[in-house]
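# Tertiary structure, described
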Amino acid sequence: MTEHLWWQTGIVYQIYPRSFMDSNGDGTGDLQGIISRLDYLHWLGVNAIWLSPIFPSPMADFGYDVADYVDIAPIFGTLADFDQLLHAAHERGLKIMLDLVPNHSSDEHPWFVESRSSRNNAKRDWYIWRDPGPAGGPPNNWQSFFGGDAWTFDPATGQYYLHLFDTKQPDLNWRNPAVRDAIYAAMRFWLDRGVDGFRVDVIWLLIKDEQYRDNPMNPAWKPGDPPHSRQEQVYMADLPEVHDIVREMRSLLDQYHERVLIGEIYLPVPRLMLYYGTNRDEAHLPFNFQLILLPWDAQVVREAVDTYEAALPTGAWPNWVLGNHDQPRIASRVGLDQARVAQMMLLTLRGTPTCYYGDEIGMQNVPIPLELIHDPQGKDDPAHSRDPERTPMQWDASANAGFTSGQPWLPVADNYTTVNVVAQREDATSMLALFRHLIELRHTMPALSIGAHQSVDSRNDHVFAYVREHAPQRVLIVLNFSADKQDLDLSSTSVTGRLLCTTYMDSDDTLNLGYLTLRPNEGMIIAI
Ligand code: NOJ
């Protein structure tokens, strides 16, 4: 496996720092808390931690509104704590990736404070300022991802500034070379300290139309869809020039040893693939969110996997994501039993898996009463609040699930007395036991970590089956997406096989693949 790099064979674990572990009783997670849980992550077997933003911030969007790109928010700790975390992680063989948020800063960042101070300020052009439209009002029809106009009027200077997210998140002007240099300097600051890479926030949005033309309306929009998708974002997203920036970021990273660039990109597969770069010189991993976005159906998923595999450019490494801090938790979306099947798939597909803290114990969305909503997106549109998937990690059955000795910033799930790490560590059939076993198999079997992928015709609409192969090793994965038992004949793949893992975590057997029965919601990994 030596010719593969750590971000290819490794498993990425996303930590939402506010919610992982609180060390000082203020109800919000912090860096010392994470340090205290590194042994758990090492035991679990994940290889790289991606931290959602930990930089100074007014927290209008919980850190995705950065007020200083080169320091740590006091609520999370200090630079010394960060260095300690990095060191302690590296000692355990764990990589640390930071969240870079280059599209926008906080309106409280000194750059924006200067920029808004007058039309002639040297930093005026660091952000996107426009005169009102011809009839008064915003310069164009662009809508913010959080709802409402993407423009806010600033009476002091009589112009509007652009913010694709909250009004407190003004967009930086990436057409200005000084902005690029400033963010690249921040990247160097962290790389020099030893961070192993970045997950870059909304990387496909960095460049906007130079003429600021109106977006066309989206004919496919239907009630219930997010308000921002009423428009097709042709003039504010995925513009050709954005690739120059991704290439620049990549060449900066390439000056260091084995650092990784992961791009957050919500685009259809053909567009997504372009972010690998014509010469594989852009993102190492443009995030692939299909498992989050597609209906949970064996045939739909099979089709998506095959299409994605076929679309990958030569030399591009695949990746799969099952959850993050912006999306409903997998165990709520597909149910607890199917969540096991989903984890088996995530950890056996070809490509780097990214998992979200708490999914390994089957944490579910926690309903948050309206008056407790923190998320700016949820305040505008409670149905799309992201708080439910950001609740405190459930460590044990003690008060507040062992997350804090204080008042947690978001409520802890009611089920924490049974759904927690300690309880599941003691239960050989738990989700956690399954998750850890899957990781162990992935790490010990080259077929699973680096082998080729080939979908298999299961001749059953409810079952997705595929073979992972790295000669001489061959492994068959069979996933029942339904809550009914399914009978299969897979003898054309192999006559017999040895069961390595079932989502039920209860048996190991030699199987006759001509008469294979999958129990409801069962997934199997079979050596053939
Ligand atoms: C994507 C991040 O994942 C999300 O949490 C954030 O609100 C937006 N970008 C804006 O930074």
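Quantities reported herein were computed from a predicted structural model and do not represent experimental measurements.

### Notes on the environment of Ile528
Secondary-structure assignment places Ile528 in the segment after β19 (523-527). Sequence separation between Ile528 and Asp396 is 132 residues; the distance between their C-alpha atoms is 39 Å. If near-sequence neighbours (up to four positions away) are discounted, Ile528 is found in contact with Val467, Arg474, Val475, Leu476, Thr493, Ser494, Thr496, Gly497 and Leu513.

### A closer look at the packing of helix α6 (residues 177-193) against helix α7 (residues 242-253)
Axes are the key here: two packed helices are described by the angle between their axes and the distance separating the axes. At a closest axis distance of 11 Å, the pairing of α6 and α7 adopts a crossing angle of 30°. With respect to α7, the element α6 is oriented roughly parallel. Once α6 is placed against α7, the crossing between them reads as right-handed. Residues Arg180, Tyr184, Met187, Arg188 and Leu191 of α6 form the contact with α7, whose participating residues are Ile245, Glu248, Met249, Leu252 and Leu253. In terms of residue class, the contact of α6 with α7 is built from seven nonpolar, no polar and three charged.

### So, the domain arrangement of the chain
The assigned domain composition of the chain is domain 1 (6-104 + 177-438), domain 2 (110-162) and domain 3 (452-527). For domain 1 versus domain 3, the separation of C-alpha centres amounts to 30 Å. Counting residues at the interface gives 24 residues for domain 1 and 28 residues for domain 3. Across the domain 1/domain 3 interface, buried area totals approximately 2000 Å², and carbon plus sulfur atoms make up 66% of it. In terms of surface lost to domain 3, no three residues of domain 1 exceed Arg302, Met344 and Thr348, which account for 25% of the buried area on that side. At the boundary of domain 1 and domain 3, one finds zero salt bridges. The tally of links between domain 1 and domain 3 comes to ten residue pairs in polar contact (both at pLDDT 80 or more). Where the side of domain 1 that touches domain 3 is concerned, the elements lending two or more residues are α10 (298-311), α12 (336-346) and α15 (431-444). Examining the composition of the side of domain 1 that touches domain 3, we find that seven residues originate from one element, α10, more than from any other. Its residues assigned to classes, the side of domain 1 that touches domain 3 shows twelve nonpolar, five polar and seven charged.

### Overview of the site of the ligand
Taken together, 13 residues are adjacent to the ligand, and Asp61, His104, Asp201, His325 and Asp326 come closest. Between the ligand and the protein, one listed contact pairs an oxygen atom with a side-chain N or O atom of His104 at 2.9 Å. Within the side chain of His325, an N or O atom sits 2.8 Å from an oxygen atom of the ligand. Protein burial of the ligand: of its 290 Å² of free accessible surface, 98% is covered by the chains.

### Quick look at the packing of helix α4 (residues 79-91) against α6
Contact pair α4 / α6: the axes reach a minimum separation of 11 Å and the direction vectors enclose 50°. Judged by the angle between their axes, α4 and α6 are oblique. Side by side, α4 and α6 meet where Leu79, Phe82, Asp83 and Leu86 of the first sit next to Phe189, Trp190 and Arg193 of the second. Counted by class, the contact of α4 with α6 contains five nonpolar, no polar and two charged residues.

### Some words on the confidence of the model for the chain
Predicted coordinates in areas of low pLDDT are best not read in detail. Considering every residue of the chain, the mean pLDDT works out to 97; 100% of them sit at 70 or more. When the elements of the chain are averaged for pLDDT, strand β17 (residues 510-512) gives the smallest value, 88, and helix α2 (residues 31-36) the largest, 99.

### A word on the nonpolar core
Counting residues in each nonpolar core, the largest one holds 162 residues, and the members touching the most others are Tyr13, Phe82 and Met249. Top contributing element to this core by residue count: α6, with eight residues. Counting 15 residues, the second largest nonpolar core, distinct from the first, contains Val456, Val463, Leu499 and Met524.

### So, α15
Taking 1.5 Å per residue, 14 residues should reach 20 Å; α15 reaches 20 Å between its end C-alpha atoms and fits that length. When we look at burial in α15, the residues that qualify are Met431, Leu432, Leu434, Phe435, Leu438, Ile439, Leu441 and Arg442.

Thresholds, definitions, all that
- Here the residue index of a chain counts from 1 through its sequence in written order.
- With the structure being a predicted model, the display of local features is reserved for residues of pLDDT at least 70 and the display and counting of side-chain atom pairs for 80 or more, all residues being used for whole-chain, interface and lining totals.
- Hydrogens are left out, water is left out, and the side-chain values use all remaining heavy atoms of the structure.
- Every helix listed is a DSSP run of H or I at least four residues long, and every strand listed is a run of E at least two residues long, numbered separately from the N terminus.
- Residue contacts are defined here by distance: any two heavy atoms, one from each residue, within 4.5 Å place the two residues in contact.
- An axis is simply a line fitted to the C-alpha atoms; with a helix, the fit covers only the stretch in contact. Between two such axes, the angle follows the N-to-C directions and lies from 0 to 180 degrees.
- Here is the rule for angles: anything less than 35 degrees is roughly parallel, anything more than 145 is roughly antiparallel, 65 through 115 is roughly perpendicular, and the remaining ranges are oblique.
- In this scheme, a crossing is called left-handed if the near helix is turned counterclockwise away from the far one by less than a right angle; it is called right-handed if the turn is clockwise.
- Note that Gly is not counted as nonpolar here; it falls among the polar residues with everything else outside the nonpolar set of Ala, Val, Leu, Ile, Met, Phe, Trp, Tyr, Cys and Pro and the charged set of Asp, Glu, Lys and Arg.
- Note that the domain bounds were set by an automatic or database domain assignment.
- Two parts placed together each lose some accessible area under a 1.4 Å probe, and adding up what both lose gives the buried area.
- Any carboxyl oxygen of Asp or Glu that lies within 4 Å of a side-chain nitrogen of Lys or Arg is treated as forming a salt bridge with it.
- Pairs of N or O atoms within 3.5 Å make up the polar contacts considered here, provided that, within protein, one atom can donate a hydrogen while the other can accept it, and that residues adjacent in sequence are counted only when both atoms are side-chain atoms.
- Proximity is defined per residue: if any heavy atom of the residue lies within 4 Å of a molecule or strand, that residue is considered near it.
- Surface accessibility follows the Shrake-Rupley procedure with a 1.4 Å probe radius. Residue values consider only the protein chains on display as shielding.
- Per residue, pLDDT measures the predictor's confidence, with a range of 0 to 100.
- Note on terminology: a nonpolar core comprises buried Ala, Val, Leu, Ile, Met, Phe, Trp, Tyr and Cys residues joined through side-chain atoms within 4.5 Å.
- The rule is simple: take the accessible area with a 1.4 Å probe, protein chains only, and divide by the maximum for that residue type; under 20% is buried, over 50% is exposed, in between is partly exposed.
- Expected helix span is computed as 1.5 Å times (number of residues minus one).

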